[in-house]
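Letter by letter, the chains look like this.
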Amino acid sequence: SPAPWVRWFKNGLEIHMERSEHGVSLAENGSLVIGSASASHSGDYKCVATNEAGSVERKTRLKVN
């Protein structure tokens, strides 16, 4: 508490929900949701959550064949 500000990055570039790839959205809890994954969604993803207490980040790689 307070709730964090959550940002997502793909391949080092911030994902802006208003301009994001088709089928990508942000859930209320800050999770990135890919409705129907395709090869174009493959890449290195990073989530950064920040609030007054500090910030934390986690990375993962998604590969869709």
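For the structure, see preceding data.
Just so it is clear, the structure is predicted and the values come from calculations on it, not from any experiment.

Cut-offs and rules
- Residues numbered from 1 in each chain as written.
- Predicted model: local features only at pLDDT ≥ 70, side-chain atom pairs only at ≥ 80, totals over all residues.
- Heavy atoms only, no water.
- Helix = DSSP H or I, 4+ residues; strand = E, 2+ residues; numbered from the N terminus.
- Buried < 20%, exposed > 50% of the residue type's maximum accessible area, 1.4 Å probe, protein only.
- Contact = heavy atoms within 4.5 Å.
- Pairing = 2+ DSSP bridges.
- Core = buried A, V, L, I, M, F, W, Y, C linked by side-chain atoms within 4.5 Å.
- Salt bridge = Lys/Arg side-chain N within 4 Å of Asp/Glu carboxyl O.

**Topic: the overall build of the protein**
Then, number 1: Per the secondary structure count, the protein includes 0 helices and 6 strands.
Then, number 2: Each helix and strand of the protein, ordered N terminal to C terminal, gives the series β-β-β-β-β-β.
Then, number 3: Each of the three principal axes of the protein carries a C-alpha extent, and together these read 40 × 20 × 15 Å.
Then, number 4: Going through the 65 residues of the protein one by one, you find that 22% of them count as buried.
Then, number 5: Across the protein, contacts joining residues at least 24 apart in sequence account for 42% of those joining residues at least 6 apart.

**Points about the sheet that holds strand β6 (residues 54-62)**
Then, number 1: One open sheet holds the 4 strands; their spatial order is β2-β1-β5-β6, and the pairing between them is antiparallel. Strands at the two margins of the open sheet, each flanked by one partner only, are β2 (13-14) and β6.

**Section: the nonpolar core**
Then, number 1: The biggest cluster of nonpolar side chains holds 6 residues, and these are Trp8, Ile15, Val24, Leu32, Tyr45 and Cys47.
Then, number 2: With residues up to four places along the chain from it excluded, the contact list for Trp8 reads Leu13, Glu14, Ile15, Leu26, Gly30, Ser31, Leu32, Tyr45, Lys46 and Cys47.

**Concerning the pattern of salt bridges**
Pairing between side chains of opposite charge can happen when the charged atoms of each approach one another.
Then, number 1: Evaluation of the coordinates by the stated rule reveals 2 salt bridges.
Then, number 2: For Asp44, the salt bridge is made with Arg61, and the minimal N-O distance between the two is 2.5 Å. Of the two residues, Asp44 is situated in strand β5 (residues 43-51) and Arg61 in strand β6; the sequence distance between them amounts to 17 residues.
Then, number 3: Judged by relative accessible area, which is 65%, Arg61 ranks as exposed.
Then, number 4: Of the charged contacts in the structure, one is a salt bridge between Lys46 and Glu57, with a shortest N-O distance of 4.0 Å.

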